[in-house]
Amino acid sequence: VAPQDLLAVVATLKTAKELSFDALMCLSGVDYPNLPDGKVGNFGVVYHLFSMQHRHKLVLRVELPKDNPSVASVANIWQTANWFEREAYDLYGIKFDGHPNLTRILMPDDWEGHPMRKDYKYPETYRELPL
Amino acid sequence: MSGLKTEEMLINMGPQHPSTHGVLRVLVKTDGEIVSEATPHIGYLHRGLEKIAERLNYQQFMPYTDRLDYLASMNCNLGYAATVEKLAKIQVPERAEYIRVIMAELNRIASHLVFFGTSGLEAGAWTPLIYGFREREWIIDLFEMTCGARLTYNYMRIGGVSHDLPDGFITKAKEFCDYFEPRIKEYNNLLTYNQIFIKRMADIGVLSSETAINYGVTGPNLRASGVKWDIRKDDPYSVYHKLDFEVPVGKGEVGQVGDTWNRYIIRIREIEQSVKIIRQALDQMPQGEVRTKVPRILKIPAGEVYCRFENPRGEMGFYLVSDGSNKPYRLKIRAPSFSNVSVVSVLAKDTMFSDMVLILGSLDFILPEVDR
C-alpha cells in the first residue's frame, strides 16, 4: 500500500460490512535491508488486522523512504495504534501525522537516535555518563 | 466555602511503588480524592530485547523469552518456539505438544494465583496472598522437578521440549489437581463472595466491549467485558483442539459487565478450567519422543509469520521476519500488557484514588512484557 492511500484504505477496511476489521493485532516497524541491485532499503510499517466478526486476518505493509519516513496515523481508527505508533517512532524514527501525542515511549525522553535501525551506533555517553 | 481556592494536585505514582505491578509510573491529576486524569509512563524496564534478538541465533534467544513475562514463562517459551517452528516448518512430536500444554496451563494457574493474592492485597487483605502463594509452591515444585528452575524455565526448545518429564511427575500432578480443586471453593468463600470485596470491586473500572476491542485489550480483560474470545478455542494452536474446556465470559453477576469484579471472577473460573485441561492432557498424553532433531545452525528460509497465543494476560503475538540466515531479521513481540496498560488512562477517569489502585491491579499487567 502506498503511504498516501493508507487512510482511505484503512477506513474502508474498518467500516465495510464484509470486511469489518475492528481489531489491530500488531503494528511494527521494520528496517528492510539494501537490495542486491543497489537500491537502498526502505522502512516499512506492517499492520496486522483482524476481524472479530468474520475471523479473517489481513497484513498491510507500507514502505517508506529512509530519509523522511512519515505516514498518516491510524490512531483515531484503532486506539491500540496509539501506543504502537509511539513505539515505532521511538525505535525507528517513523513519524505518524495526526497522532495525538507522538513522544518517546520506551527510551528516555531526551535520548538521541532511534535504536532499532540497522545503522544505529551505540552512544558512548548519555548525559555525560559513560555507557 | 466559596472562598476556598481549589486546584488540581499532580501526584506522581512513581516507578517505585508497591501497588503498581512493576516499574510503572502513573502521573495522576486529582481533584481531591477523585482522579481526573491518569497517564502511564513506561520504559523503565526497556532492555532492547528485540535488538538483542537480531544478534543471536534462534535457539539462543529462548532464555530471553522467559524473562518477558516471568510469571508465565512457559507460555512465552511456547509462543516463541511455535512461531519459529511455523516459519521453519518443523513438526513437533505429539508428546512434546501435550507436555507443552500441561506446562502452559500449570503456569496459567500459577500466574492467576499471583493475581488472586495481589488483588486481595490491594483491597487490604493479607490472607489471600499467603494462600495463593502456598498453592503456587506446589506448582513451582512440579516445575523444579522437571527443569530445575522455579521462575524462568527455559524448558522448551525449537522442535519440542528439552527433556522428558521425570518419573513421578504424572502422579504428583494428579495429586495437585485433586488437592487444589476443593481449595478453589474455599477461596471463593474467603474472597470472591465476600461482601466487603464485592463492595470495593463491583461497578468500578467498567470497560465496554467496543472500547476493549478498539484499545487492543485481550485475554481475561476482554472476556470480562462480555466478548467470548479465546485464542485457544477460536484460533487454536498446539493440541488445544483436542481438549475440551469452556471459556468463561463475564456476565455481570455482581455489578456490571466489564468491571473489576468480573475481571477477577473470570480468572478464578479460568483456574478451574485449566485444572480440567491438565487432567485431560495427562490422560491423553501418548508415549514417544519429546524433541525433533533440529540442526545446530538453524537457517530458516526468508519469509515472515505472525502467530498469536493465549497468555494468562492476553494475546501474545510474535512477528518474525527472516532473511534466510540463522538469526532473526526482525522479531517483534506483541505483548498483551502493552495494550492493557494503554487503557488505564480511559478507565481511571473520575474514579477515586483507591479505586484506581484496584483497577490497575485488575488489569493484571506485568512490566517486563510492556517494556521488553
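Refer to the structure printed above.
The rules behind the values
Residues numbered from 1 in each chain as written. Chains lettered and ligands numbered in written order. Predicted model: local features only at pLDDT ≥ 70, side-chain atom pairs only at ≥ 80, totals over all residues. Heavy atoms only, no water. Helix = DSSP H or I, 4+ residues; strand = E, 2+ residues; numbered from the N terminus. Buried < 20%, exposed > 50% of the residue type's maximum accessible area, 1.4 Å probe, protein only. Contact = heavy atoms within 4.5 Å. Salt bridge = Lys/Arg side-chain N within 4 Å of Asp/Glu carboxyl O. Pairing = 2+ DSSP bridges. Axes fitted to C-alpha atoms, helices over the stretch in contact; angles between N-to-C directions. Phe/Tyr/Trp six-rings, centres within 6.5 Å; stacked < 30°, edge-to-face > 60°.

A. Spotlight on the overall build of chain A. In terms of helices and strands, chain A carries two helices and seven strands. Mapped in sequence order, the helices and strands of chain A form the string α-β-β-β-β-α-β-β-β. Residues counted as buried form 48% of the 131 residues belonging to chain A. The contacts in chain A between residues at least 6 apart in sequence include a share of 47% that link residues at least 24 apart.

B. Structural view of the pattern of salt bridges. Residues and elements named next belong to chain B. Going through the model one piece at a time under the given rule, you end up with 23 salt bridges over all chains. Here Arg134 and Glu135 are joined by a salt bridge, their closest N and O atoms 3.0 Å apart. Judged by relative accessible area, Glu135 falls into the buried class, the value being 0%. Across the salt bridge formed by Arg308 and Glu315, the nearest N and O atoms sit 3.2 Å from each other. Per residue, the accessibility class of Arg308 equals that of Glu315, and both read buried. Counted as one network, the salt bridges with shared partners bring together Glu105, Arg108, Arg223, Asp230, Arg232, Glu270 and Glu310.

C. Quick peek at unusual backbone geometry. Residue and element names in this part refer to chain B. A positive phi angle, close to 50°, is found at Asn154, a residue other than glycine. Among the secondary structure elements, Asn154 is positioned in the loop between α5 (127-147) and β4 (156-157). Here the phi dihedral of Asp350 falls at roughly 60°; this positive angle occurs in a residue that is not glycine. Structurally, Asp350 is set in the loop between α13 (344-347) and α14 (353-363).

D. How the structure looks around the side chain of Glu54 of chain B. Looking at where Glu54 of chain B falls in the secondary structure, it is placed in the loop between α1 (49-53) and α2 (62-66). Setting aside its immediate chain neighbours within four residues, Glu54 of chain B contacts Met116 and Lys118 of chain A together with Lys327, Pro328, Tyr329 and Arg330 of chain B.

E. Expanded view of α14 of chain B. All names here are of chain B. Most of α14 is tucked away, with nine of its 11 residues classed as buried. All of the buried residues along α14 are Asp355, Met356, Val357, Leu358, Ile359, Leu360, Gly361, Ser362 and Leu363. Asp364, located one to two residues past α14, shows a positive phi value of around 55°.

F. Up close: the sheet that holds strand β1 (residues 23-31) of chain A. All names here are of chain A. The antiparallel open sheet is built from three strands, whose spatial order is β1-β2-β3. Where the open sheet ends on each side, the last strands, each with one partner, are β1 and β3 (57-64). Strand-to-strand twist of the sheet, defined as the mean angle between neighbouring strand axes without regard to direction, takes the value 15°. Pairing of strand β2 (residues 43-50) with β3, which is carried by eight bridges, proceeds in the antiparallel orientation. Looking at the pairing, Tyr47 lines up with Leu60 of β3.

G. Representation of the packing of aromatic side chains within the structure. All names here are of chain B. The full count for this structure, using the stated rule, is 19 aromatic pairs over all chains. For the pair Tyr237 and Phe309, a centre-to-centre distance of 4.9 Å together with 85° between the ring planes defines the contact as edge-to-face. With Tyr237 in the loop between α10 (231-234) and α11 (260-284) and Phe309 in strand β6 (residues 303-311), this residue pair connects regions lying 72 residues apart in the sequence. A relative accessible area of 11% places Tyr237 in the buried class. Where Tyr240 meets Phe245, the ring centres are 6.2 Å apart and the plane angle is 70°; that geometry is what we call edge-to-face. In terms of burial, Tyr240 and Phe245 fall into one category: buried.

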